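Each chain is listed here by its residues.
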Amino acid sequence: MNPAQDTHEVYRTESTIRFACHHDLPCFTQCCRDVNIYLTPYDILRLRRSLRMGSGEFLARYTRHYLARVTHVPVVQLAMDSHTLRCPFVSDEGCRVYDDRPWACRMFPLDLGNESGVYRLLADKKRCLGLHEGQRWTVGEWLETQGVGPYEAMEQALQQVMPPEFQPGQRMEAGLGKLLYLAYDLDRFDAILDDPRFRALHGIDEDRYVAVRQNDEEKLLLAFAYIQRQIAELFSVL
Ligand code: SF4
Ligand code: SF4
């Protein structure tokens with residue numbers, strides 16, 4: 001997750017990369033330091049579940065979160081240690097939350113490009129020695145082995161939350177930004193969901209309520225649907 005050296009190379013699913021990351025490389029875990037890792041709602045769900053804590057506690061302990069100054073879009077970043085600048089989850093043996101590591105960490109050494117199906121090399125070829133190992137992958141193979149599928153699916157669902165007339169980067173009212181932040185802090189959605197009047201209003205019967213309470217992914221999708229309805233109503237009167 002070092003700054004890219006060559007951001008001009010364009011990679012597609014069928015492009016080939018050489019890469020292998022392992023303990024024997026001198027750079028091992030060096031990339032888990034002083035990096036900007038932006039977390040999605042699904043990243044937070046996976047991480048806080050792995051750590052067996054609520055979203056509120058996770059957000060308070062491990063992130064910097066705010067509404068962007070101009071656009072009011074929620075921004076949640078993994079907070080590096082203020083002294084060592086290391087990720088709070090890195091150890092000498094590697095990532096302590098490997099099975100639930102964020103989307104950005106899974107994609108590394110790649111990152112999303114500017115258009116769908118396009119990727120760019122994020123890693124610095126001089127620092128990330130894994131890029132000089134012999135193992136070859138297509139980009140598609142690499143992403144599949146890293147388990148990015150559910151992260152992409154949740155991101156697509158999140159993109160549906162905003163009305164079609166909303167353009168990425170467009171300014172939104174601070175109230176809308178706070179509403180969208182609910183997807184990052186599902187503890188607060190739990191409290192809403194526990195209110196029988198809310199469930200009656202939104203047609204959530206007892207079976208659905210129990211199912212959603214037992215399945216975090218279902219709960220996140222329900223939160224997206226709720227936020228989408230609220231935002232659509234607000235947009236219609238703004
Ligand atoms: S090979 Fe690259 S990804 Fe792996 S530890 Fe080294 S810098 Fe990080
Ligand atoms: S979450 Fe894991 S892989 Fe990502 S920066 Fe932290 S230690 Fe590294």
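Residues numbered from 1 in each chain as written. Chains lettered and ligands numbered in written order. Predicted model: local features only at pLDDT ≥ 70, side-chain atom pairs only at ≥ 80, totals over all residues. Heavy atoms only, no water.

This next bit is on the packing of aromatic side chains. Tallied over the entire structure, the rule returns nine aromatic pairs. Look at Phe58 and Tyr62: their rings are 5.5 Å apart centre to centre, the planes differ by 45 degrees, and that puts the pair in the tilted class. With Phe58 and Tyr62 both in helix 2 (residues 55-62), this residue pair falls four residues apart, about one helical turn. Like Tyr62, Phe58 is buried. (Phe/Tyr/Trp six-rings, centres within 6.5 Å; stacked < 30°, edge-to-face > 60°. Helix = DSSP H or I, 4+ residues; strand = E, 2+ residues; numbered from the N terminus. Buried < 20%, exposed > 50% of the residue type's maximum accessible area, 1.4 Å probe, protein only.)

Taken together, the residues surrounding ligand 1 are Phe19, Cys21, Leu25, Cys27, Phe28, Thr29, Cys31, Phe108, Cys128 and Gly130. Within the shell around ligand 1, the residues separate by chemical class into eight nonpolar, two polar and no charged. (Near = heavy atom within 4 Å. Nonpolar A, V, L, I, M, F, W, Y, C, P; charged D, E, K, R; others polar.)

Further remarks concern the packing of helix 1 (residues 41-50) against helix 2. Two numbers describe how helix 1 lies on helix 2: the axes approach to 9 Å, and their chain directions differ by 95 degrees. Classified by the angle their axes make, helix 1 and helix 2 are roughly perpendicular. Facing Ile44, Leu47 and Arg48 of helix 1, the residues of helix 2 in contact are Ser55, Phe58 and Leu59. The residue makeup of the contact of helix 1 with helix 2, split by class, is four nonpolar, one polar and one charged. (Axes fitted to C-alpha atoms, helices over the stretch in contact; angles between N-to-C directions. Parallel < 35°, antiparallel > 145°, perpendicular 65-115°, else oblique. Contact = heavy atoms within 4.5 Å.)

Right, let's get into the layout of surface pockets. In this structure, the largest pocket spans a volume of roughly 1600 Å³. What lines the largest pocket is a set of 45 residues, among which Thr40, Trp103, Leu112, Glu155 and Gln159 lie closest to the centre. For the lining of the largest pocket, the secondary structure elements donating two or more residues are helix 1, strand 4 (74-78), helix 3 (103-107), strand 7 (110-112), strand 8 (118-121) and helix 5 (149-159). Here the lining of the largest pocket gets five residues from one element, more than from any other, and that element is helix 5. Class assignment for the residues of the lining of the largest pocket results in 27 nonpolar, 11 polar and seven charged. (1 Å grid on protein atoms, 1.4 Å probe; cavity = no way out; pocket = protein on both sides within 12 Å on 5 of 7 lines; lining within 4 Å. Points joined across faces, edges and corners; volume = space filled by probe spheres on them.)

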